[in-house]
Amino acid sequence: MNRMINLHARTARLSCAAMALALATGGALAQEKVLRIAMTAADIPRTLGQPDQGFEGNRFTGIPMYDALTHWDLSKAEEASVLIPGLALSWTTDAKDKTKWVFKLRRGVKFHDGSDFNADAVVWNVRKVLDKDAVHFDASQVGVTASRMPTLRSARKIDDLTVELTTSEPDAFLPLNLTNLFMASPAHWQKKFDAAAGAAPADKAKAAWTAFAADASGSGPFKMARFVPRERLEVVANKAYWDPKRTPKIDRVVMLPMPEANARTAALLSNQVDWIEAPAPDAMSTIRSRGYSLYFNPQPHVWPWQLSFAEGSPWLDKRVRHAANLCVDRLGLVKLLGGMMGVPKGTVPPGHPWWGNPKFDIRYDPDAAKKLMAEAGHSASKPLKVKIQISASGSGQMQPLPMNEFVQQSLKACFFDVQFDVIEWNTLFTNWRKGVKDASANGSHAINVSYAAMDPFFAMVRFTSTKTFPPVSNNWGYFGNAEFDKLIADARNSFDDKARDAALAKLHARIVEEAPFVWIAHDVGPRAMSAKVKGVVQPKSWFIDIAPMSIE
């Protein structure tokens with residue numbers, strides 16, 4: 001409990017500092033059209049091209065400042081986001097070798113420093129995270145990149161506007177995964193490298209990346225203007241952006257880390273910021289009554305406990321896993337969150353092309369749960385002790401402390417004795433890739449990291465393949481076997497949409513039946529904004545696009 005209190009105190013101090021900074025610069029920015037955003041992160045996501053802080057990093061320092069070969073369509077609120085061309089106009093696999101992809105690139109795109117985007121830039125950006133022999137290779141960017149596209153192996157220039165990407169095996173998911181590989185300017189990095197101190201190339205490269213992060217150059221709709229680590233990031237409009245639909249109308253965006261929900265809410269209500277992520281649930285009515293706009297939308301984003309399958313784990317008994325899924329009072333949790341969550345039946349909802357009609361029905365049935373627990377040898381006098389590693393805040397974590405405490409009480413009625421190991425969000429996210437067998441798990445039997453489920457790899461594959469055991473990707477609990485590897489291979493080798501959906505439906509059904517998660521909530525991405533922010537589209541996606549917005 002002391003650890004939890006200390007985290008509260010620290011996040012409150014960070015929030016107060018961020019608010020003070022917002023007030024201090026308010027007058028200086030008065031002549032510009034400025035949008036001020038309070039993030040849930042406790043720090044500014046990395047700015048060098050591959051963000052950390054989970055997908056909040058992609059949302060606020062990735063998508064605004066950078067482009068990828070492929071993008072998510074974030075322009076519609078009523079339809080699911082789909083893949084669209086980004087810096088690549090088209091892509092196709094080789095007819096004879098499905099491990100080779102040819103991407104045709106967009107002509108005339110410039111990085112913020114004025115240098116050209118071309119095939120050489122793509123090769124350079126692939127090598128920065130995959131080629132340890134490259135001078136500009138940066139190990140610090142690998143974890144948040146390679147784990148999201150583990151089959152990508154190399155890139156080769158065909159001509160200035162054509163590049164070939166090679167995967168380790170046929171992988172129909174690659175274009176979706178490439179939304180996470182942001183293109184940084186090689187020319188701008190080279191200038192930083194040439195100016196860097198240090199005798200050894202590795203030392204100069206490390207210094208160059210540090211300098212690049214403080215003075216970044218992507219090709220996105222916003223350009224870095226000011227960066228103060230742990231305090232603020234300011235970006236300004238890139239009026240020369242290649243896509244007229246995303247050329248910004250807002251002059252400047254100020255991003256502030258405020259990990260504590262009440263602090264974010266207070267900042268909005270006192271006009272210190274214009275936009276907050278994940279407002280405090282008990283403040284929803286006040287936010288509405290004060291004339292602020294509240295945006296939310298069902299989205300493919302899961303809030304679970306991911307379970308351990310390591311030797312000795314209490315979750316190895318499927319009866320226990322099913323019991324936990326049957327003992328969470330999700331409708332009670334909906335009330336706690338002011339209605340701001342979806343009730344899950346699995347990773348995807350019934351009716352989704354990947355649903356697959358699993359035989360196990362996730363629902364609230366404590367009597368059935370207690371029966372299963374009794375069969376497994378547990379009772380009120382002999383509860384099953386489980387330890388869960390959680391965070392106090394963070395990207396996509398919704399309201400992690402009150403939500404986890406609610407689940408703790410819910411499961412107590414079904415003979416679970418739940419303890420928490422509460423740590424800082426970005427540390428938790430890093431631990432997620434290290435796995436339950438690593439010392440960072442601190443004896444935990446499950447981890448509470450929310451995850452995006454908009455593509456097959458993110459939704460299912462990385463949690464169920466024996467090829468994604470740590471540190472390759474996010475199979476933290478080491479769940480997987482030959483059956484699941486075969487189901488995944490069937491889906492990865494299906495380059496026809498209908499066949500791929502059918503294969504994924506079989507995979508999803510088996511995941512729900514085996515229950516490597518306790519599915520607790522689906523996020524709806526609540527955010528509150530000043531009424532002066534216009535043109536807001538809250539897509540059915542974890543992401544949102546600032547570029548088309550305007551401000552009165």
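Look up: the structure comes first, before these words.
Quick notes on the rules
Residues numbered from 1 in each chain as written. Predicted model: local features only at pLDDT ≥ 70, side-chain atom pairs only at ≥ 80, totals over all residues. Heavy atoms only, no water. Helix = DSSP H or I, 4+ residues; strand = E, 2+ residues; numbered from the N terminus. Rg over C-alpha atoms; globule rule 2.2 N^0.38 Å. Buried < 20%, exposed > 50% of the residue type's maximum accessible area, 1.4 Å probe, protein only. Areas by Shrake-Rupley, 256 points an atom, 1.4 Å probe, with all protein chains shown as cover. Lys, Arg positive; Asp, Glu negative; His and termini not counted. Charge placed at Lys NZ, Arg CZ, Asp CG, Glu CD. Pairing = 2+ DSSP bridges. Axes fitted to C-alpha atoms, helices over the stretch in contact; angles between N-to-C directions. Core = buried A, V, L, I, M, F, W, Y, C linked by side-chain atoms within 4.5 Å. Phe/Tyr/Trp six-rings, centres within 6.5 Å; stacked < 30°, edge-to-face > 60°. Contact = heavy atoms within 4.5 Å. Arc of directions from axis to C-beta. Disulfide = S-S within 2.5 Å.

**Some details on the overall build of the chain**
Now for step 1: A tally of regular secondary structure across the chain gives 17 helices and 21 strands.
Now for step 2: Its C-alpha atoms give the chain a radius of gyration of 23 Å, within 12% of the compact-globule value 24 Å for 552 residues.
Now for step 3: With the C-alpha coordinates of the chain rotated into their principal frame, the extents come out at 70 × 60 × 50 Å.
Now for step 4: Sorting the 552 residues of the chain into buried and exposed places 61% on the buried side.
Now for step 5: For the chain, the exposed surface amounts to about 20800 Å²; the carbon and sulfur share of it is 53%.
Now for step 6: With 67 positive and 56 negative side-chain charges, the chain shows a separation of 1 Å between the mean positions of the two kinds.

**Side note on the sheet that holds strand β10 (residues 252-257)**
Now for step 1: Pairing is mixed across the open sheet formed by seven strands, whose spatial order is β8-β9-β10-β1-β11-β19-β12. Looking at which strands have only one partner, the edges of the open sheet turn out to be β8 (222-228) and β12 (293-295). For this sheet the average axis-to-axis angle between neighbouring strands, irrespective of direction, equals 20 degrees.
Now for step 2: Here strand β11 (residues 275-277) runs beside strand β19 (residues 527-529); their pairing, made up of three bridges, is antiparallel. Residue pairing in the sheet places Glu277 in a bridge with Arg527 of β19.

**Some details on the nonpolar core**
Now for step 1: Membership of the largest hydrophobic core comes to 126 residues, with the highest contact counts inside it found for Trp305 and Phe416.
Now for step 2: In terms of residue count, helix α15 (residues 456-464) provides more of this core than any other element does, six residues in total.
Now for step 3: Counting 25 residues, the second largest nonpolar core, distinct from the first, contains Trp101, Ala121, Val123 and Val126.

**Some remarks on the pairing of strand β1 (residues 34-39)**
Each regular strand displays side chains that alternate between the two surfaces of the sheet.
Now for step 1: When you tally the buried positions in β1, you get six out of six residues, the bulk of the element.
Now for step 2: Taken together, the two bridges between β1 and β11 define a ladder with parallel strand orientation. Looking at β11, one finds that Ala38 is bridged to Ile276.

**Comments concerning the packing of aromatic side chains**
Now for step 1: Under the definition given, this model contains 26 aromatic pairs.
Now for step 2: Ring centres of Trp189 and Phe193 lie 5.2 Å apart, and the angle between their planes is 20 degrees; on these two criteria the pair is classed as stacked. One end of the pair is Trp189 and the other is Phe193, both in helix α6 (residues 186-195) and four residues apart, which spans about a single turn.
Now for step 3: Each ring, one from Phe479 and one from Phe484, has its centre 5.0 Å from the other, and the planes form 75 degrees; the classification is edge-to-face.
Now for step 4: Given the relative accessible area of 6%, Phe479 is considered buried.
Now for step 5: Since its relative accessible area comes to 0%, Phe484 is described here as buried.

**Regarding the sheet that holds strand β5 (residues 100-105)**
Sheets are built from strands that pair by backbone hydrogen bonding, the pairs being arranged parallel or antiparallel.
Now for step 1: Spatially, the four strands line up as an open sheet ordered β4-β5-β7-β6, and their pairing is antiparallel. The sheet terminates laterally at β4 (88-93) and β6 (152-159), the two strands that pair on one side only. Going from strand to strand, the sheet's axes swing by 20 degrees on average, the running direction of each strand aside.

**What to know about the side chain of Asn325**
Now for step 1: With respect to the secondary-structure elements, Asn325 resides in helix α10 (residues 318-326).
Now for step 2: Residue Asn325 is classed as buried on the basis of its relative accessible area of 0%.
Now for step 3: If we ignore the near neighbours within four places in the chain, the residues touching Asn325 are Arg330, Phe360, Ile362, Arg363, Ala515, Phe517, Val518 and Trp519.

**Some words on α6**
Now for step 1: For α6, every residue scored as buried is listed here: Pro186, His188, Trp189, Lys192 and Phe193. Across the axial projection of α6, the buried residues extend over an arc of 160 degrees, all falling on one side. Seen from the open side of α6, the exposed residues pointing more than 90 degrees away from its buried face are Lys191, Asp194 and Ala195.
Now for step 2: Where α6 is buried, its residues touch α3 (119-130) and α7 (201-214).

**Regarding the state of the cysteines**
Now for step 1: Within the structure shown, the criterion is met by one disulfide.
Now for step 2: Two residues share a disulfide in this structure: Cys327 and Cys414, whose sulfurs sit 1.9 Å from each other. Measuring handedness by torsion sign, the sulfur bridge of Cys327 and Cys414 sits at about 80 degrees and is right-handed. Remark: Cys414 occurs in the loop between α13 (400-412) and β15 (416-423) and Cys327 occurs in the loop between α10 and α11 (330-336); sequence separation between them is 87 residues.
Now for step 3: With relative accessibility at 1%, the residue Cys327 sits in the buried group.
Now for step 4: Using a relative accessible area of 0% as the deciding quantity, one classes Cys414 as buried.

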